[in-house]
Every structure is written in structure tokens, then in C-alpha cells.
Amino acid sequence: MRKHRSLYIALILLITAGAVGYYLYTAEKRRQTELRDSARQSLDAEASALAKGSGPTLAVKLYLYNPGHVDPKAEFLNVAERKIFPTDDKILKARQIVNEVLKSRPLFSDQAVLRQIYLLEDGTAVVDLSEQAAKGLTGGITSEMAAIMSVTRSLRANIPEIHRVQFLIEGHQTETFGGHVSIQQPFM
Amino acid sequence: MRSRLKRRVRSRVRPPLLFLFGYNTRVTKPAFSRQSSIVLLAVILFLGTVWVLKVRAADDLDLWVGEKKSRVDSRDNRGKAYFELRDLVEILNLRFQESDTQATVSGPRGQLQLTNNRPLVRFKDEYILLNQAIWRRKEKEWYVPEDFLQKALPLILAQRLERQSALSYRVVPFEQNRVQVEVTNFPDHVRLTFIQSRQAPIRVQEFQDSIRVTFDNFLVIPSLPATRPDSRIVGGLQFDSTDVYGAFRIDKGQHYYNFREYSSDRSDRKVIDLYSPPATARTVPEIAPQPQEPTPTPAPAPPVVPAPVPVFKARQFGNLVTLDPGHGGEDYGVHPSQEELEKNYTLRIAERIEARLRSTAYRGMLTRTQDTDLAASHRSAIANYYQSRCYIGIHLGGAPSKETAGPVVYVQRYSGQDRQAGDEESGGADGSTPIASAREMRPQNLIPWEMGQTTFVTQSKRLGELIQSELNAVYGTENQLVEVPLAQLAPVAAPAVIVEAGFLTNSDDQQKLATGEFQDRIAVAIVKAIQRFLN
């Protein structure tokens, strides 16, 4: 053993370095995954908390894009009914509604995530969406209008306190939703 | 003290790993000499270094100049690949200067200005947008992303930089295009004929003080005329070798009034007539005059100097129609596949409209002529700066459902429009109306930028309806004009519309739009509507 002392030192050092490196790599990977999923998981946590009381029994009316139409004034949206978890908290209700709207395919992509909703005293709901909610659209004015209108109308129809909806993308007030439609003013 | 401790260790402790730290508890002579240990560690370190270098070298960039291959070092920064600028400068024989956070790379055809931590490179008066920020690692050590080689570097090289494969580029000499310029002086105008040896696309752009004639694809070798153009109309004719391929600059003379260009039957030549102010008419003639028989060359200019005519800024720009090809650069627009990108279609259609407009009394001004991205406000600003007669944004549609098809024309919708129309109850309650205060709607001397379109909404609707009707005839559809709040249209102080000339997400529309013939039909329809509107 003494004969190969240096060799053993080198081996032990290499193995230790490899183990530490592997540990750091997996830890970083795990952290990235957690960060990525945190937004989605936060709602799931809310939903599971609500589910403890009862199941999704509250019917809400959603306004979803009506395929084949381009004019927001004419049959642009269809009414669909969904069940959400009953709650007295308006923000929790609004979150569930927007998340139900974001599930509509193929308008929104799987990466479309609601980051946060704020309800202002003047009746403005501030809806903060992830960048992918806008970038994941197929593109074009029709897609953007469909996304904006389905969220706006679904919120207004189910929560009377909401009069208008202001959109944010990744927490910022941007010039357009996805390159065309201006979202500098709230929608009603 | 130390030797006592050593003795105690030797006498009492014989742990199995003590030998690792240089203590031999049984023999005094080391079994494995210190020299051997050092050599072994050095070998391990050497092998490790070689391995790291090998991994890094795999990402380096190959640059071929003739048959010689050079290597540009790469470095990873926050997970993104960067290439060393110093290597590029040395291989391509460029000049490099540095001052704090800025660097300048000079080549035979101009210079590029780089700023640390910014994804922009300045070339003359333009900025080129890169997909990663420039990185200054330390003094005189700058790194650039790969698209610097594609977008910025070719602008200052006297050769073409051709991408062969991933991380492999070749410097190829430009093929040449000999362009001969002929000058013919007429009593009331000057004719410039550009005759080229290749069939390269020629573009004519008007600026405030000059007209620029650019040739694409080949390096221009100019042959300037011996005859001087009438200096009252043409202030000067120069060749600008700092342009990408080379360009001609025609300076407007003191008595320049307007110009017309003709695409002759022969695609190798372009004729440009520059006029002095007509004696009676003060407007641009409606029908383009046919090229006249030239007087013997060189014809001396008549000695009578025309009476000075007050020239206003608006008149200098003429009857311009701003054509805005949507998207560009990294903004692909609608892209159902990697080949079908909205940005390419919009540019092609806009170019066809611009070509068609040349045979009318109006002239098209493209907001972009290359694959570059422009901010929405920049596009609107171009229309406002040139005091355009109207603004046409060219787009293609994309919808979640594949059945959505046909052309759709959009106009700006402000809040309060419905109320103005007497729709007090339901006005704006459909989720599509942005809200602005009544104060913002009131006419003011200084108009807020985003309210530029306010006074043109009715005219825009008229223009939009005409285009919608013409395009419906092309497609055989009955689509209606749509009003939505659009960031590009809101600031335009002219009749303005966005045309989605079919849906790329619809297979029928996409197949039609892929053909040049159909793109031309769309261009003809839009030009027809523009003429009907402006006349």
C-alpha cells in the first residue's frame, strides 16, 4: 500500500471531486426544475387546499375562442361551463378561472402560466401572465385578441367586482401582448 | 516541540492512512519516492488540462481563408457560446480599437462599434441586433456571439463570409457587377441610366437630400459617366463604396423637384429621371410619362433658370405610401413550420406592392428592406416622419384553428368610438376595448404619441374597407373589416391599416401565398385600393 501512496491520493481526490461535482450538478438541476414548476405548483397548492373542503362544484361560465372567427364583435367567443372549487376569496376564484381559460387548446400552449392576479379597489384585475402565454400563441392578431378577450370576458362574467382587466407579461407592462395588440390600457 | 510530537505520533499512533501524509511508521526510507509522486501528480494535471482544452476546442470556430483554415477560440459565458474577437480581427486582417466599454472594429468598408453587455452593434447610422450581448472579458479580450459573423461582420468586409456548416465559415471573394452610369440632360430633367453586367435587384430610395441606388448580391464596380448632369437638378453623383455591395448617391440640386424610375424591359438596367419644377403644374403628374427620345448627348442645359418655387418639406417626400412588412429578424411572426415564416412573406408582398406603385403617381417607402426587426413605434415613426399619404402594415394571419382563412384588414380602435356611435350600453363591453379617459380623446394642439391615429380613424376605415373588398375579390371571401387596438397603428398620423393577407395556419391560404403569382395578385389588389382611396 505504501508503494502506491501517491496513486491512492490521486484516486481519492479524483473520486471526491467527482462525487462533489455530481452532487452539485444534480442539486442545481433539481433547483432549476423546482423554479420552473413553482408557478404552476403554487396554484395546485391552492387548489388542493380548496379541495379539502369539497370538490370542484362551483359552475363558472368561460368565454373561449370560437374557431374560424376573426371579428371580435361577431361570434368570436363561445360560452363553456366548467367547475371550480368554491371559495369566497375573489382572487382565488379569479386564479382558478384564468387557469381554466389557459387550459384551452390549441389557443394556449402547455407553457402558458398565470403568474399572479391582483385585484385593485377600482375594479381592475391585473393579470400577470408568463411570457410563454403570449409567445406560445400561433401568432397573428386573431390569436392575441382571442387570448385577451377570453380572459377578460370570463373574469368579468363570473366576478361582478371586476370591471376591467390589465395585462402584464412577466410582471411588466409591455407595449403589446404578442407583437400586435396593444395592452397599455386595460380591457373591459 | 515539533520533533517530540512526531515521535509521539510514531510511537503511539499507527492509523492506516497516516502514510498518506508523509509519515512512515515502519521504515525510514520512503517506498515511493517524493519525486515519483510529483511526476505522477504532474501527469494527472497535464492529462486533465489536455482534456479540458480538448472539450473547449470542440466548440471553436473554423474560419477558412482560401485553403488555409484558422481557428477562432470560443468561450462559454452563462451557458452561451462566444467567439474571441481578437482571433477574428487577426484572421480577417481588420483593425481593433478599445476604449473602456466600447470597441471599434474597422474593415475595408466601414467600422462596427461594439458596446460591452449590449446586444447591439452600430454600423453607420444603424444598429444591428444580435441574439446575445457582446462580452468584454477583460482588457483587449472581447467575445462575440456567432450571429455577429452573420449579421455584422459582412458589412465591413470586402469579401463574402459564407457559412458552410455549424461553426465553420469561409471567406469567399465577391462576384463583381460592373455598373455603368449614363447621363442624358434634357431641358426639364436629367436621365440617369444604370446598366449592370449582372441581373442584380436594384433598389431606389429617396431621402431628404439625396436619392440612393443600391444593388444587391454582387460587389459593384462603378463606371461613372464623363458627362456631368445638369447641376441645377442633380447636385452630384457619387459612388458610395462603404455600402454593403456599393451604392450610388444622387444629390438633389437646388432646382430638383421630383423623380421617376423606370424598370425597362431589360432587367439589367434602371432609368431614373429627375425633374425640375414644372412651369405650371405643382403636383406630381398622375400618369408616369413614357421615356422620351433624348436630345443629343451632352445637351447643354437651357440658359433660362426656372422661377424659384417654394419647396415645402412635405413636397420633398412626394406622394409616399409607407409599406411596413411585419416582423423580421428574430421575430418570425406566424411560423407553422421552419420554412414558412411570416416575416419572409410580408417582405416579399411589400416589395411587390412597392414595385407596382412605381407605375402610379405614388411611391412606396418600405420600413425594412432586409431581414431585420423593428420596434412597433419605430415603424409608426417612419410613417410620421415621411408624412405618408397612408400606412399599410403587411402581415399574415395565424389562428388557433386551421379553418380560419382569408384576408382580414384591421384598423385602430380607440375607446369611446362606440359611444360616439351611440352605443352607450354595450360600447366597449365585449372585452376588446382598451380604456382611455375622455380628456385624452379631446383634440389638442400637441397630440400624445399613441393618439396620432385619432383624427384619421374614419379615413382609415374607408381605406380598410376598400382593401378588404379588393382582397375578398381575390380570395372569394366575404370577410369584414375588424377594429382592434393595435400598437403599430395608434401613433400613425395618416390613414393606416394592417392587412393580414391570408392565414398561414390555413393550408389552402398557405399554398396560395407560397406562389409569386398570387403574391402579385395581392399586391395589385392593394395598390388598386390605395389608388381608389387617394384619388
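Higher on the page you've got the structure.
Asker: Even after reading the chapter, I still don't get the overall build of chain A, so can you show me in this structure?
Answerer: Summing up its helical and strand segments, chain A has 4 helices and 5 strands in all. Along its sequence from the N terminus, chain A presents helices and strands in the succession α-β-β-α-β-β-α-α-β. Put simply, chain A has 188 residues, and 38% of those count as buried. Excluding contacts between residues fewer than 6 apart, the proportion of contacts in chain A whose partners are at least 24 apart in sequence is 61%.

Asker: Hey, could you run me through the overall build of chain B in this one?
Answerer: The helix and strand inventory of chain B stands at 12 helices and 28 strands. Long-range pairs, those at least 24 residues apart, make up 63% of the contacts in chain B between residues at least 6 apart in sequence.

Asker: Quick question: what am I supposed to make of the sheet that holds strand β12 (residues 159–165) of chain B here?
Answerer: Two strands in a sheet stick together by hydrogen bonds in their backbones, pointing the same way (parallel) or opposite ways (antiparallel). Residue and element names in this part refer to chain B. Taken together, 4 strands build an open sheet; the order of strands is β2-β1-β13-β12 and the sheet is mixed. Every interior strand has two partners, whereas the edge strands, β2 (68–72) and β12, have only one. Within the sheet, the average angular offset between the axes of one strand and its neighbour, ignoring direction, is 25°. Inspection of the sheet shows strand β1 (residues 61–65) paired to β2 by 5 bridges, in the antiparallel sense. What sits directly across from L61, in β2, is V72.

Asker: Teacher, can you tell me more about the sheet that holds strand β11 (residues 141–144) of chain B here?
Answerer: All names here are of chain B. Pairing in this open sheet of 4 strands is antiparallel, and the strands run β3-β4-β11-β10 from one edge to the other. With partners counted over all chains shown, the strands left at the sheet margins are β3 (74–77) and β10 (135–138), one partner each. Along the sheet, successive strands turn relative to each other by an average axial angle of 40°, direction set aside. As paired elements, β3 and strand β4 (residues 80–84) share 4 bridges and run antiparallel to each other. When the sheet's bridge partners are listed, R75 is paired in β4 with Y82.

Asker: Is there a simple way to think about the interface of chain B and chain A in this case?
Answerer: Quoted interface sizes are often the accessible area lost when the parts come together. In this assembly, 43 residues from chain B lie in contact with 40 residues from chain A. Element by element, the count of residues in the side of chain B that touches chain A is highest for helix α2 (residues 34–57) of chain B, at 5 residues. Looking at the side of chain B that touches chain A residue by residue, the classes come out as 23 nonpolar, 15 polar and 5 charged.

Asker: Any chance you could explain unusual backbone geometry here in plain terms?
Answerer: Working note: non-glycine residues mostly have negative phi, and peptide bonds are mostly trans. Following R105 of chain A, the chain continues into P106 of chain A via a peptide bond in cis, with omega recorded as 5°. Mapped onto the secondary structure, P106 of chain A falls in the loop between α2 (90–102) and β3 (114–119).

Asker: Looking at this structure, how should I read the nonpolar core?
Answerer: Here is a general trend for soluble globular proteins: nonpolar side chains tend to be buried in one another's company. In this structure, V98 of chain A together with Y410, V497 and I526 of chain B are the most contacted members of the largest nonpolar core, which totals 100 residues. Excluding anything up to four places from it in sequence, V98 of chain A contacts L114, I117, V127, V151 and L155 of chain A.

Asker: For this particular structure, what's the right way to read the environment of L489 of chain B?
Answerer: Residues and elements named next belong to chain B. Following the sequence through the fold, L489 ends up in the loop between β27 (482–484) and β28 (496–503). Separated by 97 residues in sequence, L489 and I392 place their C-alpha atoms 9.4 Å apart. L489 has contacts with V411, Q412, Q453, A496 and I498, leaving out every residue within four places of it along the chain.

Asker: Even after reading the chapter, I still don't get helix α4 (residues 141–158) of chain A, so can you show me in this structure?
Answerer: For an α-helix, 3.6 residues make a turn, and residues three or four places apart therefore share a direction. For α4 of chain A, spanning 18 residues, the distance from its first C-alpha to its last is 26 Å, which sits close to the expected 26 Å at 1.5 Å a residue. Within α4 of chain A, 17 of the 18 residues are buried, which leaves it mostly tucked inside the rest of the structure.

Asker: I keep staring at the pairing of strand β23 (residues 320–325) of chain B and nothing clicks. Help me out?
Answerer: Along a regular strand, successive side chains alternate from one face of the sheet to the other. Residues and elements named next belong to chain B. Within β23, 6 of the 6 residues are buried, leaving the element largely enclosed by the surrounding structure. Because side chains alternate across β23, one face comprises the buried residues L320, T322 and D324, and the other comprises V321, L323 and P325, equally buried. Note on the crossover from β23 through helix α6 (residues 342–357) to strand β24 (residues 363–366): the handedness is right-handed. Here β23 runs beside strand β25 (residues 390–397); their pairing, made up of 5 bridges, is parallel. Looking at the pairing, D324 lines up with G393 of β25.

Calculation rules
Residues numbered from 1 in each chain as written. Chains lettered and ligands numbered in written order. Predicted model: local features only at pLDDT ≥ 70, side-chain atom pairs only at ≥ 80, totals over all residues. Helix = DSSP H or I, 4+ residues; strand = E, 2+ residues; numbered from the N terminus. Buried ≥ 20, exposed ≤ 12 C-beta atoms within 10 Å, placed from the backbone. Contact = placed C-beta atoms within 7 Å. Pairing = 2+ DSSP bridges. Axes fitted to C-alpha atoms, helices over the stretch in contact; angles between N-to-C directions. Nonpolar A, V, L, I, M, F, W, Y, C, P; charged D, E, K, R; others polar. Core = buried A, V, L, I, M, F, W, Y, C linked by C-beta atoms within 7 Å. Expected span 1.5 Å × (residues − 1). Right-handed = clockwise from strand over helix to strand, strands pointing away.

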